[in-house]
Amino acid sequence: GYRVSLQGNFFGCNQTYMAFLEYNPRKHIKLDPPLNIQSNATASKCQIWWSVWNVPWYLAEILQYELQYKEYSMSWEVAMNKTLPSSLPRVEIEATELRSGIAYAARVRCKVSENENSYHSQWSEWSQTTVLKRADVPKVSEKILNIKTMQYLFIPLSFGTLLYLFWNCKLSSRYWCFLTLGQKTSPALTFPRQLLSFSHSIVCTMGILR
């Protein structure tokens, strides 16, 4: 370590003021702010990256970053802060954290990781800002939505119609059997043909909807 003292003339007398009895430069580091911050936002994720300048390689590997972002029109006092877990000069955040169609401003700062015992630093100044805007999620076509709705509704409606036909034919067969008293031909025998014809129409209709 080092001993740091200040000497000066105070009230006409030369005096020495001891600022640090033991000063270790590795424990008093303040880095330059990150540079060249850029971003790219899509409908699913947002990527932000930057670079650092005038940082020795042995410090670059143990850096810690903090990301701050906000809606462009808002104050930094209400910004969101994220301490990043990686020493890499980039971050990816979920687009769900951003409101669609709203412009955001983001910036970063750095310091030596708090988990490092050999060095200690305070946060650097904030970097310049980058502006990002989440892309709008593509909307489903109204036509496709209507076809899907028809497909989902058609199945229960078809099933209900089949039950209705089955019940009516069953009642009709009992009624005709009662009237004819033993006639060999019964309208109930025609029900399988009606059911087959109706099932064929359902298959054709589903094919058209697809």
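The shown structure was predicted, so the numbers you read here are calculated from the model rather than taken from an experiment. Each chain carries its own residue numbering, running from 1 in the direction its sequence is written. Since the coordinates come from a predicted model, pLDDT governs what is reported: local features require at least 70, and pairs of side-chain atoms require 80 or more to be given and counted, while whole-chain, interface and lining totals use all residues. With hydrogens and water set aside, each side-chain value is computed from the structure's full complement of heavy atoms.

Peer 1: Is there a simple way to explain the overall build of the protein chain in this structure?
Peer 2: Per the secondary structure count, the protein chain includes three helices and eleven strands. Burial status across the protein chain gives 26% buried among its 210 residues. Here, residues are in contact when the closest pair of their heavy atoms is within 4.5 Å. The contacts in the protein chain between residues at least 6 apart in sequence include a share of 62% that link residues at least 24 apart. By the criteria applied, helices consist of DSSP H or I runs no shorter than four residues and strands consist of E runs no shorter than two, each listed in order from the N terminus. Accessibility here uses a 1.4 Å probe with only protein chains present; expressed as a share of the type maximum, an area under 20% marks a residue as buried, one over 50% as exposed, and anything in between as partly exposed.

Peer 1: Can you help me understand the sheet that holds strand β8 (residues 90-94) in this one?
Peer 2: Criterion used throughout: strands pair if DSSP finds at least two bridges between them. What the three strands build is an open sheet, ordered β4-β5-β8; its pairing is antiparallel. Among the strands making up the open sheet, the edge pair consists of β4 (35-41) and β8. Strand-to-strand twist of the sheet, defined as the mean angle between neighbouring strand axes without regard to direction, takes the value 15 degrees. Bridging between strand β5 (residues 45-51) and β8 involves five bridges; their strand directions are antiparallel. For helices, the fitted line uses only the C-alpha atoms of the stretch in contact; every axis is such a line through C-alpha atoms, and the angle between N-to-C directions lies from 0 to 180 degrees.

Peer 1: Please clarify how the nonpolar core should be interpreted in this entry.
Peer 2: In a soluble, globular protein the nonpolar side chains are often hidden away together inside. One finds I48, W50, L59, L67 and L132 to be the most contacted residues of the largest nonpolar core, which totals 25 residues. Those elements that place two or more of their residues in this core are β4, β5, β6 (63-71), β8 and β9 (103-112). Among the elements that line this core, the one with the most residues is β9, at five residues. Leave out the neighbours within four places in its chain, and L59 touches I29, L31, V112 and Y119. The term nonpolar core refers to a set of buried residues drawn from Ala, Val, Leu, Ile, Met, Phe, Trp, Tyr and Cys, joined through side-chain atoms within 4.5 Å.

Peer 1: When you look at the packing of aromatic side chains in this model, what are you seeing that I'm missing?
Peer 2: In this description, a pair of aromatic rings is defined by centroid distance and the angle of the planes. Centre distance within 6.5 Å is the pairing criterion for rings of Phe, Tyr and Trp, where only the six-membered ring of Trp is used; planes under 30 degrees apart are then read as stacked, over 60 as edge-to-face, and the remainder as tilted. On inspection of all chains with the given rule, the structure shows three aromatic pairs. Above the face of the Y72 ring, K70 is positioned so that its terminal group lies 5.8 Å from the ring centre. Think of it as a cone above the ring: NZ of Lys or CZ of Arg counts as a charge over the ring if it is within 6 Å of the ring centre and within 35 degrees of the ring normal.

Peer 1: Would you mind showing me how to read the pattern of salt bridges here?
Peer 2: Note on pairing: side chains with opposite charge can pair once their charged atoms come close. Salt bridges are identified by distance alone: a Lys or Arg side-chain nitrogen within 4 Å of an Asp or Glu carboxyl oxygen. Per the counting criterion, the structure on display carries five salt bridges. In this structure, the salt-bridge partner of E125 is K30, at a minimum N-O distance of 2.7 Å. Of the two residues, E125 sits in the loop between β10 (121-122) and β11 (130-133) while K30 sits in strand β3 (residues 29-30), which places them 95 residues apart along the sequence. Given a relative accessible area of 42%, K30 falls into the partly exposed group.

Peer 1: Looking at this structure, I do not really get unusual backbone geometry. What am I missing?
Peer 2: Peptide bonds are trans in most cases, and residues, glycine excluded, mostly fall at negative phi. Its identity is not glycine, yet N36 carries a phi of approximately 55 degrees, on the positive side. Relative to the elements of secondary structure, N36 occurs in strand β4. Judged by its relative accessible area of 55%, N36 falls in the exposed class. One non-glycine residue, N54, lies in the positive phi region at around 60 degrees. Relative to the helices and strands, N54 is located in the loop between β5 and α1 (57-60).

Peer 1: What's the story with the confidence of the model for the protein chain in this structure? I'm lost.
Peer 2: As a general rule, the predicted coordinates of low-pLDDT regions are not to be interpreted in detail. What pLDDT conveys is the predictor's confidence in a given residue, as a value from 0 to 100. Counting all residues, the mean pLDDT for the protein chain is 77, and 62% of those residues have values of 70 or more. A low-confidence stretch, residues 175-179 (pLDDT under 50), is modelled with three contacts involving residues beyond four sequence positions or located in other chains. Below a pLDDT of 50 lies the segment residues 181-191, which in the model reaches nine contacts outside its immediate sequence neighbourhood of four places, other chains included.

Peer 1: Would you take a moment to explain the pairing of β6 for this structure?
Peer 2: Residues in a regular strand point their side chains to alternate faces of the sheet. Buried residues dominate β6, accounting for nine of its nine residues. Where β6 meets β9, nine bridges bridge the pair, whose relative direction is antiparallel. Among the inter-strand pairings, Y69 is bridged to a residue of β9, identified as A106. Summarising the sheet, β6 and strand β7 (residues 80-83) pair through four bridges and their orientation is antiparallel. Note on β7: the bridge partner recorded for L67 is K82.

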